[in-house]
Amino acid sequence: MTRSDGYLLDNRQSEAAERFDAFAALFDPTTFRHLEGFGIGPGWRCWEVGAGGTSVVSWLAKKVGPTGKVVATDIDISRLAPAARPPVEIRVHDVGAHEPPGEGFDLVHARLVLVHVPDRERALRSMVKALRPGGRLLIEDADPALQPLTCPDEYGPDQQLANRLRTGFRRLLADRGADLAYGRTLPRLLREAGLRGVEADAYFPVASPACAALESATIRQIRDQLVTAGLATDADIDRHLTNVASGTMDLATAPMISAWGRRM
């Protein structure tokens, strides 16, 4: 995931690998279903924006084969090293500040990236510019404001605590410039960018081991910020992490909205 100055969930922190694994378990099937629908195959040129981890990059590399190319970019590429072999090219790149790493791509994809980028408008223009005529753009981003709860079934004090911590997390994100209602705007933004055949859908995971793994890693990663900002105490966080580890809580994530279109 792309990181700007002040980005809350730094890829260099130890919990980042756990978060990437959880994202892969939760969202790779949806992402791959969309990409398969585009007809991706040998020889395609792809740009994976804000790649973060390797699951999507490695899948793309298998699909495009030795005659294709996958350019994987992020501000922090430290976790992309295992994928750094042909047809994959790894580059340090800020999608909200730099020119695209080439043009004529058959596919440009970004997942859970733009919600955190300060200049989202420029980033989107850059991705559209990088496409060849007929090339496909797939943007997938969260909409925490659409479903703001960790526990949609808030039936007891443990669930209330979980939702209070999620409110704190959302406040920290908003304070750093995240647009918590960005996901729902994607279909309109893609049409306004001139793409054709724009469609969208959403995936809303509820009550899976990956949801619990993501919640635990996220709370541990932002623990100090929650306490410093007065949004939670260490005792609150310890109690919540124990509750999550018990496996008895139905934990949800924000909906991920996928929107796609084709450049004319």
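The rules behind each value
- Residues numbered from 1 in each chain as written.
- Predicted model: local features only at pLDDT ≥ 70, side-chain atom pairs only at ≥ 80, totals over all residues.
- Heavy atoms only, no water.
- Axes fitted to C-alpha atoms, helices over the stretch in contact; angles between N-to-C directions.
- Helix = DSSP H or I, 4+ residues; strand = E, 2+ residues; numbered from the N terminus.
- Left-handed = near helix turned anticlockwise from the far one by under 90°.
- Contact = heavy atoms within 4.5 Å.
- Nonpolar A, V, L, I, M, F, W, Y, C, P; charged D, E, K, R; others polar.
- Buried < 20%, exposed > 50% of the residue type's maximum accessible area, 1.4 Å probe, protein only.
- Pairing = 2+ DSSP bridges.
- Salt bridge = Lys/Arg side-chain N within 4 Å of Asp/Glu carboxyl O.

J.: So what about the packing of helix α4 (residues 157-175) against helix α8 (residues 234-246)? Which residues, and what values?
T.: Taken N-terminus to C-terminus, the directions of α4 and α8 make an angle of 115°; their axes are 10 Å apart at the nearest point. In terms of crossing hand, the pair formed by α4 and α8 is left-handed. Residues Pro157, Asp158, Leu161, Ala162, Arg164 and Leu165 of α4 lie in contact with α8, whose contacting residues are Asp236, Arg239, His240 and Asn243. A class-by-class count of the residues in the contact of α4 with α8 yields four nonpolar, two polar and four charged.

J.: Outline the pairing of strand β7 (residues 256-262), supporting the account with residue identities and numerical values.
T.: For β7, a buried count of six out of seven residues is recorded, marking the element as mostly surrounded by other parts of the structure. Pairing between strand β5 (residues 131-142) and β7: seven bridges, direction antiparallel. Considered in β7, the bridge of Asp141 is made with Ile257. One ladder, built from six bridges, connects strand β6 (residues 196-203) with β7; its direction is antiparallel. Considered in β7, the bridge of Asp201 is made with Ser258.

J.: Summarise the pattern of salt bridges; cite the residues concerned and give the values.
T.: For the coordinates displayed, the defined rule picks out 16 salt bridges. In this structure, Asp28 and Arg111 form a salt bridge, with 2.8 Å as the shortest nitrogen-oxygen distance. With Asp28 in helix α1 (residues 16-37) and Arg111 in strand β4 (residues 105-111), this pair connects stretches of sequence that are 83 residues apart. Glu89 is the salt-bridge partner of Arg91, the closest N and O atoms lying 2.4 Å from each other.

J.: Mind laying out the sheet that holds β6, listing which residues take part and the relevant values?
T.: Strand order across the open sheet formed by seven strands is β3-β2-β1-β4-β5-β7-β6, with mixed pairing between neighbours. Of all strands in the sheet, those with a lone pairing partner are β3 (88-92) and β6, marking the two edges. Pairs of neighbouring strands in the sheet enclose a mean axial angle of 15°, with direction left out of account. Relative to β3, strand β2 (residues 69-74) is paired through five bridges, and the arrangement is parallel. Pairing of Ala72 across the sheet is with Ile90, part of β3. Strands β1 (45-49), β4 and β5 of the sheet are contacted by helix α3 (residues 120-129), whose axis makes an angle of about 145° with β5.

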